[in-house]
Amino acid sequence: MTLLDATTDATPLGGPSLPQERRLVTALPGPRSAEILARKAEAVPAGVGHTVPVAAVAAGGGVVVDADGNSLIDLGSGIAVTSVGNAHPKVVEAVAAQTAQFTHTCFMISPYSSYIEVAEALNRLTPGSFAKKSALFNSGAEAVENAIKIARKHTGRQAVVAFDHGYHGRTNLTMALTAKSMPYKSGFGPFAPEVYRAPMSYPFRDGLSGAEAAARTILQLEKQVGADNLAAVIVEPIQGEGGFIVPADGYLNAIVDWCRENGVVFIADEVQTGFARTGAMFASEIFGIEPDLITTAKGIAAGLPLAAVTGRAEIMDASHAGGLGGTYGGNPVACAAALAAIDVFENEGLVERAQQIGEILTSRLSAMQASDPRIGDIRGHGAMIAAEFVDPETNAPDAALTAAVAKACIAEGVIVLTCGTYGNVIRFLPPLSIGDDLLGEGLDVVAAALAAA
Ligand SMILES: *Cc1c(COP(=O)(O)O)cnc(C)c1O
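Within every chain, residues take consecutive numbers counted from 1 along the sequence as written. Selection of residues for local features in this predicted model requires a pLDDT of at least 70, selection of side-chain atom pairs for listing and counting requires 80 or more, and totals for whole chains, interfaces and linings are taken over all residues. In computing side-chain properties, one takes all heavy atoms of the structure into account and sets aside hydrogens as well as water.

Per an unreviewed UniProt entry, the protein chain goes by the name 4-aminobutyrate aminotransferase and belongs to Microbacterium ginsengiterrae. UniProt positions are given in the numbering used here, feature names are shortened, and annotations may be inferred rather than shown by experiment. Recorded in UniProt for the protein chain, the comment headed Sequence similarities (unreviewed entry) runs: "Belongs to the class-III pyridoxal-phosphate-dependent aminotransferase family." Checking UniProt for the protein chain, the heading Pathway (unreviewed entry) contains the comment "Amino-acid degradation; 4-aminobutanoate degradation."

Right under this line is the structure:
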């Protein structure tokens, strides 16, 4: 039997017309998923892990359907990627039309207009009233690598500062930028040189104001790196893998100001926070900052591989011709998906929808917290909200409780993701296409799992 055979009979089409329901017809994994996952274990290396033990066959709205016909509530969006909803009809149509026209020329050989239109949209939508340019790549890590290349070329300096709890990818340079050893770096060194780490503002754990945390950070930059050596500072405005850490008010603004004064390129890594996720088109807007460069990926193209660096035209133009690019960067099918997704973000009210989802998540989680002090903190913006689980006596991170709650939710057909330096955060990143009822049911399952844990 081929794997396709395992999913042919009665496999539903994805998209918003999929029944929007949680439906468990087997324990997870069911027999078909179990068979596919057994083949995964044989054919795919263990390093490529997975957290939800099902094989997906269709998805849309707020559900993922597996090979056995189970329908799971999706509170993860494939890590903040399918924000417009899986198999959104506009995306499906645009991808099909582009695929029938041409699938590749290599933009560095024969350019095509959809790449340019994506760049124009990014230049228009990202914060900053100055002239901007954009270059397209395939993954968030590749965008980050290129942002660093551009900043180094522009400044003629080498050092780069990343932050505690930061996550920037799994390539060599982005592993160096990433803070957490396990699972992202352990055993994979040596790492790229001239990468330094600075303390972040983490209000729940450091108790510092934005100004105090910024002073601590800047002192370290000046003493340990030296502004004259520093090409760029890269930070996620709200940290993703690190635990949805929202810096204290004024923190990012002070870092941006210091960068401006010292000729340091300020890079906002909005790979996870971008594209309406936080209830703003970009999280930088929430803090009133205008980054010199912004990296984007995840939400940009509804799941097709696409990423971008957008920023000040004079910085983006620092590289000589041929210095930036790649065989697939800005692939026409991915660009068609991005243009359709951007149309949905702008014209189907997704910024507002992310805000509504944020209100539902925050009020439901706050109600749980009121009767359960193991929820130490609830934070985030828009449809990017997390709960940090602690020992109520000591505030010590409780990774075991977090893992148990997440596992119980998944077993009950609700996809939730964990994160955090200490592994004690459950993050909620539902597709913005999820309905209120399904979101509420998903949160009922979370509440029950927490009560039982
Ligand atoms: C996911 C992520 C990346 C890496 O993106 P990939 O597409 O997985 O390479 C970089 N930065 C942030 C903030 C991310 O969340």
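1. Details of the site of the ligand
Residues are classed as near a molecule or strand on a simple rule: at least one heavy atom within 4 Å of it. Around the ligand, the surrounding shell consists of S139, G140, A141, Y167, H168, G169, E236, D269, V271, Q272 and K298. In the environment of the ligand, a nitrogen atom lies 3.4 Å from a nitrogen or oxygen atom belonging to the backbone of Y167. Here a polar contact is taken to be a pair of N or O atoms separated by no more than 3.5 Å, where protein atoms must pair a possible hydrogen donor with a possible acceptor and residues adjacent in sequence count only if both atoms sit in side chains.

2. Things to note about the domain arrangement of the protein chain
Assigned domains within the protein chain: domain 1 (3–84 + 349–452) and domain 2 (91–347). Computed over C-alpha atoms, the centres of domain 1 and domain 2 are 26 Å apart. Counting residues at the interface gives 40 residues for domain 1 and 32 residues for domain 2. Buried area: the accessible area, evaluated with a 1.4 Å probe, that two parts lose upon being put together, summed over both parts. Between domain 1 and domain 2 the total buried area reaches about 2800 Å² when both faces are included, carbon and sulfur atoms providing 61% of it. Three residues, V84, H381 and M384, lead the burial of domain 1 against domain 2; their summed loss comes to 24% of the area buried on that side. Only one rule defines a salt bridge in this text: a Lys or Arg side-chain nitrogen within 4 Å of an Asp or Glu carboxyl oxygen. The interface formed by domain 1 and domain 2 includes two salt bridges. Taking the shortest distance from any N to any O, the salt bridge between E241 and R427 comes out at 3.0 Å. Among the elements of the structure, α2 (77–80), α13 (350–371), β11 (375–381), β12 (384–389) and β15 (425–428) are those that each provide at least two residues to the side of domain 1 that touches domain 2. Under the DSSP-based scheme used, a helix requires at least four consecutive residues in state H or I and a strand at least two consecutive residues in state E, with every element numbered from the N terminus. Examining the composition of the side of domain 1 that touches domain 2, we find that five residues originate from one element, β11, more than from any other. Split into classes, the residues belonging to the side of domain 1 that touches domain 2 amount to 22 nonpolar, 14 polar and four charged. The split into domains, and so the bounds of each, comes from an automatic or database assignment of domains. Any pair of residues with heavy atoms lying within 4.5 Å of one another is described as a contacting pair. Ten residue types, Ala, Val, Leu, Ile, Met, Phe, Trp, Tyr, Cys and Pro, are classed as nonpolar, four, Asp, Glu, Lys and Arg, as charged, and the remainder, Gly among them, as polar.

3. Overview of the nonpolar core
Residues grouped as a nonpolar core are buried Ala, Val, Leu, Ile, Met, Phe, Trp, Tyr and Cys residues, joined through side-chain atoms within 4.5 Å. Burial here depends on accessible area, computed with a 1.4 Å probe over protein chains only, as a share of the maximum for the residue type. Under 20% is buried, over 50% is exposed, and the range in between is partly exposed. In this structure, L177, I267, L293, L306, F345, V416 and F428 are the most contacted members of the largest nonpolar core, which totals 93 residues. Each of domain 1 (3–84 + 349–452) and domain 2 (91–347) accounts for three or more of the residues forming this core.

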